[in-house]
Amino acid sequence: MRDLTQGIRARGGIGESTLRPDGTLKVSGEFAYASDLWHEDMLWGFTLRSPHAHARILSVDVSEALRTAGVHAVMTHDDLPAETRYGLEIKDTPVLADGVVRYHGEPVALVAADHPETARRAAAKIKVEYEQLTVVTDEKTATAPGAPLLHPARDDVHSRHVPHPNIVHRQPVLRGDVAAARKRADVVVHGEYEMGMQDQAFLGPESGLAVPAEDGGVDLYVSTQWLHADLRQVAPVLGLPEDKVRMTLSGVGGAFGGREDLSMQAHACLLALRTGKPVKIVYNRFESFFGHVHRHPAKLAYEHGATRDGKLLYVRCRIVLDGGAYASSSPAVVGNAASLAIGPYVVDNVDVEALALYTNNPPCGAMRGFGAVQACFAYEAQMDRVAAELGMDPVAFRQRNAMAQGAVMPTGQVVDSPAPVAELLRRVKAMPLPPERQWETVGGAPDLRALPGGLSNTTHGEGVVRGVGYAVGIKNVGFSEGFDDYSTARVRLEVVGGEPVATVHTAMAEVGQGGVTVHAQIARTELGVARVTINPADTRVGSAGSTSASRQTYVTGGAVKHACEAVREDVLELGRARFGSYHPAWATAELLLEDGKVVTDGGEVLADLADVLDDTCVERELEWRHRPTEPFDLRTGQGKGHVQYSFAAHRAVVEVDTELGLVKVVELACAQDVGKALNPLSVTGQIQGGSTQGLGLAVMEEIVVDPATAKVRNPSFTDYLIPTILDTPAIPVDILELADDHAPYGLRGVGEAPTLSSTPAVVAAIRQATSLALCRVPVRPEHLTGT
């Protein structure tokens, strides 16, 4: 049978750079986001948040707020109708503060009013009396004798393997004999590293509209990453069965993990059911920083041992992640950090410990890279240091130890698909370097716009030096550790206006990754039709899982492919019944759907698809799962925990003003294996976007939390800096396509891997330019000037 992915079998099919249907609308400002939702008689909701990071609530007086003209409802914890807590993995997060606030900005009360400013002013009139409590901000204060317990001790299989109740989760990974290997090592290198708290910094704020229904239920239109997880958590809070809570995806302005947890979903529904009116909640930017989880800040201690000829013998490391006030997805982040802690290298002897803490810092959870980002920064810094100690080229040293297909992970899992680590490094190193001193004009005068800090006229090029750095990373794809990772797709094929039309319906959250484009490409390829309609995502169809873990093209794309294949077989059976007597090929040949026709695998046309269907509608709704995984052993970390691995390598070229401590990234080249580029243009965009997010973490992005009070100091885009177009360098991309035989079309998840290696590559380049150790990100000007 011919491979439909080779060549063009349907215009706009797999392998083409089909344009996104929402692209022009987003660029032109015409796209409707969740914040644009409107209902003619709607109220506006607002959330009162705690000014303290840890305090007991002594009293709440809402009487003045209720007397405010235009206010329809005020709710506190005491007004909740049913379940009062929720959580992605551990149900520990209060819907509204339950007598204690555990982080700065925790929701305390809700207001619904006929105008957003009225709601805000009424919330300011709520009188809350607090008794401040001791704050827990790091491992020392969290696990010290007599430390405040932020949550009651759990009694589950995971909690029995942690040494303190303020530790959310702990995962060791043990393999080989580290002590014996250390005795054989010619070189031993230690390093301690730190990563600040990064925000997802999506531009579209949390927003949604809840509309009460006549059946006593509610319809919620919301920007989210996981409709069915929202449903699973919100319905018990409302005291309603899931079939009375209907969720529809609204336009999402970016996500990157920050929309995986609940924000305003339950609050809007509660107010709508209380008032009997539609309620819209839209966070302002200040609220948004408090309303979603962030990337876990981390402290990492590593020890590498190697032979004189550059062979890694062992790695010992300890990774401490700050999970903040509530668990969110910290257990899974710990599992990723532990299992990927040594990077894409072959090491026979490993001793890893990774853990996440409960603290009074802002809650942390899913963010692009999901635990692997923190580890990659540390192990890649170590690889440079070991290479320097050995006098080896850092790329050659990495290649000497690079894993390949058939390698064994520290968890004991065999990598059974291509792992072209050495080749990616070779490719990225072979890319042409940008010209030296690119900021000089032909006449020799510096072009200030191209200098570090030159746009603000802070330098004229004095003390500017160039550096080049390399890094490579490994990221898992899909949900892991035995999670039932599946997706559902409903596909319909029918004749409309004399032309066959396919309709695809999934609950996949389109958050900018381009899934709606790829689903249409799959349907065109598998069903041979030109017209494909993508229905809005909602909970009327089975779950598609979260748009995270680089999984949607793999899993929901796999479900769409699976459903299309079933529809195709039904159509062919229909054709055999109607036309089989006219041509023996209907019974004997391998049949395909191409360009609106039924054809044999030899290309002979048997019938028009419209004639086969006539007035029949063929529809299938099917679930699809990837290969099963299994939990890591809680004592040894052994287990087949991941379904697929992805790899990316970066080379960064930077220029550093060593006198002012300013950095300009001149170029950030990337080579990545994607298995199969279903849409090459979208793949390139994902790689460039992930690389830019890693650049931001390297040199500018950090939520600053006061270590004494655990209060956030910079909850705005005025003070939380993200890369703009002026900070983003050229990002040449080299796409390698080595098919994973276990995945649909051989594809490999793309979106997260470039976020890993971009950060350490940029920092490695700064180190090379300055000869400074630079063990913390983001790198700040004072780290470079010593002031």
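The coordinates are above.
What this report covers is the structure whose coordinates are included nearby. (Residues numbered from 1 in each chain as written. Predicted model: local features only at pLDDT ≥ 70, side-chain atom pairs only at ≥ 80, totals over all residues. Heavy atoms only, no water.)

## Here's the deal with the sheet that holds strand S2 (residues 55–61)
- Here we have three strands laid out as an open sheet, ordered S6-S2-S8, and antiparallel in their pairing. Only two strands of the sheet have a single neighbouring strand rather than two, namely strand S6 (100–101) and strand S8 (127–132).
- Alignment of S2 against S8, held across six bridges, turns out to be antiparallel. What sits directly across from Val60, in S8, is Val128. (Pairing = 2+ DSSP bridges. Helix = DSSP H or I, 4+ residues; strand = E, 2+ residues; numbered from the N terminus.)

## A few points about the pattern of salt bridges
- Considering all chains together, one arrives at 49 salt bridges under this definition.
- Salt-bridge contacts for Lys429 lead to Asp393; the nearest nitrogen and oxygen are separated by 3.3 Å. Linking Lys429 in helix H12 (residues 421–430) with Asp393 in the loop between helix H10 (372–390) and helix H11 (394–401), this pair joins segments that are 36 residues apart in sequence.
- On the basis of relative accessibility, which here comes to 39%, the residue Lys429 falls in the partly exposed class. (Salt bridge = Lys/Arg side-chain N within 4 Å of Asp/Glu carboxyl O. Buried < 20%, exposed > 50% of the residue type's maximum accessible area, 1.4 Å probe, protein only.)

## Brief notes about the sheet that holds strand S7 (residues 107–113)
- The mixed open sheet is built from seven strands, whose spatial order is S3-S7-S1-S14-S11-S12-S13. Edge positions in the sheet fall to strand S3 (71–75) and strand S13 (245–249), since each of these pairs with one other strand and no more. On average, adjacent strands in this sheet sit at an angle of 20° to one another, irrespective of strand direction.
- Note that strand S11 (residues 207–212) and strand S12 (residues 218–222) share five bridges and pair antiparallel. Within S12, the position partnered with Gly208 by the bridge is Val222.
- Against the sheet, helix H6 (residues 227–238) contacts S12 and S13, and its axis sits at roughly 145° relative to S13. (Axes fitted to C-alpha atoms, helices over the stretch in contact; angles between N-to-C directions. Contact = heavy atoms within 4.5 Å.)

## Considerations on the environment of Ala710
- Within the secondary structure, Ala710 is located in the loop between helix H17 (680–699) and strand S28 (733–736).
- Sequence-wise, Ala710 and Val282 are 428 residues apart; in three dimensions their C-alpha atoms are separated by 25 Å.
- Residue contacts for Ala710: discarding those within four places in its chain leaves Ala53, His104, Thr137, Asn360, Asn361 and Val705.

## Some words on the packing of aromatic side chains
- Enumeration over the complete set of coordinates arrives at 14 aromatic pairs.
- On the numbers, 5.7 Å between centres and 85° between planes, the contact of Phe289 with Phe717 is edge-to-face. With Phe289 in helix H8 (residues 285–291) and Phe717 in the loop between H17 and S28, the pair connects residues that are 428 residues apart, well separated along the chain.
- A residue is classified by how much of its surface remains accessible, and Phe289, at 4% relative accessible area, is buried.
- In this structure an aromatic cluster arises from ring pairing among Trp226, Phe479 and Phe483.
- Its guanidinium or amino end placed over the ring of Phe31, Lys26 lies 4.9 Å from that ring's centre, counting from NZ or CZ.
- In this arrangement the basic side chain of Arg259 is found over the ring face of Phe202, its NZ or CZ atom lying 4.1 Å from the centre. (Phe/Tyr/Trp six-rings, centres within 6.5 Å; stacked < 30°, edge-to-face > 60°. Lys NZ or Arg CZ within 6 Å of the ring centre and 35° of its normal.)

## Considering the pairing of strand S16 (residues 312–322)
- Burial analysis of S16 places nine of its 11 residues in the buried class, which makes it a mostly covered element.
- The pairing of strand S15 (residues 298–306) with S16 spans nine bridges and is classified as antiparallel. If you follow Tyr302 over to S16, its bridge partner there is Cys317.
- Counted between consecutive antiparallel strands, the loop separating S15 from S16 contains five residues, among which Gly310 sits at a positive phi close to 95°.
- As defined by bridge partners, S16 adjoins strand S17 (residues 349–357) across nine bridges and the pair is classed as parallel. Among the inter-strand pairings, Leu321 is bridged to a residue of S17, identified as Ala356.
- Regarding topology, helix H9 (residues 330–339) serves as the crossover connection from S16 to the parallel S17, and that connection is right-handed. (Right-handed = clockwise from strand over helix to strand, strands pointing away.)

## A short note on the packing of H6 against helix H7 (residues 265–275)
- The contact between H6 and H7 brings their axes to 10 Å, and the two run at 35°. Every pair of crossing elements has a handedness; the one defined by H6 and H7 is right-handed. Of the residues in H7, those touching H6 at Asp230, Val234, Val237 and Leu238 are Gln265, Ala266, Cys269, Leu270 and Leu273.
- Considered class by class, the residues forming the contact of H6 with H7 number seven nonpolar, one polar and one charged. (Left-handed = near helix turned anticlockwise from the far one by under 90°. Nonpolar A, V, L, I, M, F, W, Y, C, P; charged D, E, K, R; others polar.)

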